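Structural features, examined
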Amino acid sequence: MEIFEIVTYFVLLLLVSTAVRVVTTSNVIHAAISLVFTLALTSVLFLLLSTEFVALVLVLVYIGAVIVLFLFGIMITRAPLGKNAELDNDKNKKLGAAIAGSIFFLFSYILVNGFDGEVIITSGSSTELLGEILLSRFVFPFELVSFVLLAALIGGITLARKDEALIDEDQV
Amino acid sequence: MSIELIISLVKANIVLAVLLTNTILLIWFERKVVAGMQSRVGPDRAGPFGILQTLADAIKLLLKEQILPSKADRAMYLLAPLIALVPSFLIFMIIPLGPDITVEWQNALYTIPLVGADLNVGVLYFLALSSIAVYSVVLAGWSSGSKYPLLGGVRASAQMISYEAAMGLALVPVILYSGSLSLVDIVNSQSGNLSSSIPILNTIVSFIPKWNIFPQFVAFGIFFIAAVAEVNRAPFDLVEAEQELVGGFHTEYSGFRFAMFFLAEYINMFNMCAITATFFLGGWLGPTFEGILPPIFSVIMPIIWLGVKTFLLLFVFVWIRATLPRLRYDQLMELGWKRMIPLSLVWLILSAIVLGLREFGLPWS
Amino acid sequence: MISYFQDYVTIGAVLGFGLFLVVLLLGVASVLRPNKPYAEKLQTYECGVDPVGTGWSQTYVRYYIFGLLFVIFDVEAVFIFPWAINLEKLGYFGLIEMFVFIFILLIGLIYAIRKDVLKWES
C-alpha cells in the first residue's frame, strides 16, 4: 500500500471514531468539540484529494463560524457542565442505528455509482477554476445564494430581536 | 528519507526556533518600551538590560501550582490553552522570508523557496487559523465553571469574530491587485515602483515602491485595526483587563497554562505584524545593495528588511498600547460592525471599479 | 507523492513538533510543581468571597446575533475570494455580478443596523 492510502485510511479511522463520539457522548460541549475534530479531519480528507480551497473553506466557515455559533447558543441558553441526563435516549437506540446505517449505505451506493470514477479537475489550481465556473456557468445559483443568505440574516434577526414594547426600565 | 522530507523537518525546526526566540525578545521589548513611555525603567535585573526577564517569568510559571477548580470540565480546561498556542505556530509558516535561493548539493541544483509552506491558498489558511483562535477563548471561558470567565469568554469571542469579518473583507482589495491567494505571489507583485498613465504624475510616483499600502491605505488601516482587535490588545483588551471582568476568560488558569495563553497572545501579535508587512509593506522587498556588500548579504538582506518592517509595526502596536485608553465594549462592537465592515465593502467595490477601468478600459469602448 | 504535498507535510511537521514541545513542557511542569489541593483552594474565584450560585449567569441573546452576522459575512467573504483571483478573466460581467452579490448583503447589514440589533452595550 502506498503511503497515500495509509494516510487516508488512518484519517478515515479517526474520523469515524470522532463522529461516533459526537452522537454517543452525553456532554453537549464535548459533542460540539468532537464535531470540530470531525470537521477538521474531513478538511484533511479534502486536502488529500487536492482541493485545498474546499478544505480551507471548511475550516474557515464550518469550524470558524458555524460551530462557534452552536457554542454561543449552548452557552447563552444553559451551558450545562458535565453529563446531561436527558441526552441519553436508551429506548430507540437500536432502531436509530438501523435507520442511520441504511441511510448511510443508500447514500454511498448512490454517490459511488453516480460519479463512477470521473475526474473533474485535471489541471490548474482549484480556486481559479472554481471562480471561473461559479461566475460564468452558475451565475444564477450564485445570486440565489446571496438571497438565501439575506433571508437567513433577516430571519435570525427577526426571531432574536427584542420587541420594543416589552423593554423594561432596568435593562442595563 | 527523501530530500523533501528532510527539508520539511528542517524548516519546521527553524520556524519554531525563530518564533520562540522572537517572542521572548518581543515581551522584553514591549515591557521596556511601555516603561520608557511611562517614564520608568522596566525590567533591568535579570541578565544584561533585563533581557532574560521573560525566561525568568516562564520558569517561575512552570514551577507554580496548577489549581484545577473543582467545578471545571477537565478535558476542555486542558484543551483550551493548546488550541490557543498551536495554531499560532502554524500561521508563521506561510510568511515568505525572501526570494528563492538556489543551492547546489550533490551535483544537483535545488531551488528552495524561503517560505515554510508556499500554499496556493495562503490567505485563506491565515484566516482559517485566526478563526480557530476563537475556540481557545470560548472553551476557556466555559470550562472554568464560573460566571466571570463565562461572561468574559463570550464577550471576547464576540469581539474576535466581529473583527475577523472586517479583516477578511479588507484583504480582498490586496488579492484583487495581485491576482492570487498565495503570499509569495502577493509579495512578488509588489516589486518595482508605481507607475501612472499620466506622464507628469508618472515622474513623481516612480520613486515610490509598488507596495500595497500606497494604493490601498484604507484597507491597510482597516486590516491593522482589525489585527489589533483580533489579538485582544489594547485598546481592545477589555475582556482581559483586570479592572473589568477579573481576569476575563483566563481567571481560573494558573501556572504554565496561563503562560500558554500569554505566549499565544504575543506570538499572534508577532504573526499579525509579519502578515501585515507581507500584505501591505512589500514583505522582504527592499534594496539588497548587491554591488556594495559581499554576496552572502543578498540572502540575508531580505530577511533583515522583513524584520525591520515587522519591528516597526510591532513598535506601533506597543505604542498604541501605551498611549490609547481602552474602548468600551459597545463602542468596540459598534466600530467593528457599523464602521469597519461597511467601509471595507465600499472600498472593495471602489478598488474593483478602478482595477476594472484600468484593465478593460471604459465599458462603452 | 510527498513532493506534491510537501507544503502540507511541513505544516504537519510543525503541528507535530509544536504539540510535542508543548506537551513536553507541560509534563516537565507537572513533575516539578507542587500539588497540594484542598477544598477551599479549588473553589472558583469570585472577588475573594465565597462563590454564590451556579457557574452560569444569563447573558444577552445579542451575542448570538453577532455570531449569526459573522456566519453570513464569512460565507460572503468565501464567495468573494474565487472572484477576486479571476478578475481579468471575468471582465465587466463578473464585476457586475459580484456587485449585485455584495449589494444584496449590504442591504442585509443595513437592515441589521436600522433594526437596532447592533446598538446598546455589548
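Residues numbered from 1 in each chain as written. Chains lettered and ligands numbered in written order. Predicted model: local features only at pLDDT ≥ 70, side-chain atom pairs only at ≥ 80, totals over all residues.

1. Examining the overall build of chain A
Check the secondary structure of chain A and you find 6 helices and 0 strands. Listing each helix as α and each strand as β along chain A from the N terminus yields α-α-α-α-α-α. The buried share among the 172 residues of chain A stands at 23%. (Helix = DSSP H or I, 4+ residues; strand = E, 2+ residues; numbered from the N terminus. Buried ≥ 20, exposed ≤ 12 C-beta atoms within 10 Å, placed from the backbone.)

2. With respect to the overall build of chain C
When helices and strands are counted, chain C shows 3 helices and 0 strands. Order of helices (α) and strands (β) in chain C, N terminus to C terminus: α-α-α. Buried residues in chain C amount to 39% of all 122 residues.

3. Some words on the nonpolar core
Counting residues in hydrophobic clusters, the biggest one holds 181 residues, and the most contacted among them are Leu56(A), Leu124(B), Ala166(B), Ile175(B), Phe223(B) and Ala226(B). Of all the elements, helix 5 (residues 147-178) of chain B adds the most residues to this core, at 20 residues. Summarising the domain contributions, this core has at least three residues from each of domain 1 (1-85) and domain 2 (125-161) of chain A. Among residues more than four places away in sequence, those in contact with Leu124(B) are Leu56(A), Val57(A), Leu60(A), Leu181(B) and Phe81(C). (Core = buried A, V, L, I, M, F, W, Y, C linked by C-beta atoms within 7 Å. Domains from an automatic or database assignment. Contact = placed C-beta atoms within 7 Å.)

4. Some points on the interface of chain B and chain C
Each side of the interface is counted separately: chain B has 70 residues, and chain C has 60 residues. For the side of chain B that touches chain C, the secondary-structure elements that each account for two or more residues are helix 1 (3-37), helix 3 (74-91), helix 5 and helix 11 (329-360) of chain B. Counting residues per element, the side of chain B that touches chain C draws most heavily on helix 11 of chain B, which supplies 15 residues. A per-class count over the side of chain B that touches chain C returns 42 nonpolar, 15 polar and 13 charged. (Nonpolar A, V, L, I, M, F, W, Y, C, P; charged D, E, K, R; others polar.)

5. Overview of the domain arrangement of chain A
For chain A, the domain assignment lists domain 1 (1-85) and domain 2 (125-161). A C-alpha centroid distance of 24 Å is found between domain 1 of chain A and domain 2 of chain A.

6. Remarks on the confidence of the model for chain A
Confidence along chain A averages 83 in pLDDT terms, with 82% of residues attaining 70 or more. Confidence, expressed as mean pLDDT per element, reaches its minimum in chain A at helix 5 (residues 126-136) of chain A with 81 and its maximum at helix 2 (residues 28-48) of chain A with 91. (pLDDT = per-residue confidence, 0-100.)

7. Quick look at the pairing of strand 2 (residues 108-112) of chain B
Sparse coverage of strand 2 of chain B is indicated by the burial of 0 of its 5 residues. As consecutive antiparallel partners, strand 1 (residues 101-105) of chain B and strand 2 of chain B are separated by 2 residues, and within that stretch Gln106(B) has a phi angle of approximately 55 degrees, a positive value. (Pairing = 2+ DSSP bridges.)

8. Quick notes on the interface of chain B and chain A
Across the boundary between the two partners, chain B contributes 22 residues, which contact 21 residues of chain A. Those elements that place two or more of their residues in the side of chain B that touches chain A are helix 3, helix 4 (122-143) and helix 5 of chain B. No other element matches the 9 residues that helix 4 of chain B contributes to the side of chain B that touches chain A. Its residues placed into classes, the side of chain B that touches chain A shows 16 nonpolar, 4 polar and 2 charged.

9. A closer look at the pairing of strand 1 of chain B
Residue and element names in this part refer to chain B. The buried fraction of strand 1 amounts to 0 of the 5 residues, a small share that puts the element mostly on the outside. Inspection of the sheet shows strand 1 paired to strand 2 by 5 bridges, in the antiparallel sense. In the strand pairing of strand 2, Val 103 is matched with Tyr 110.

10. Here's the deal with helix 11 of chain B
With 32 residues, helix 11 of chain B extends 45 Å from end C-alpha to end C-alpha; this agrees with the ideal 46 Å at 1.5 Å per step. If you look at helix 11 of chain B, its biggest bend is around 30 degrees, right at Met340(B), and the proline Pro342(B) turns up within four residues after that. (Expected span 1.5 Å × (residues − 1). Bend = angle between axes of the 7 residues up to and from the residue.)

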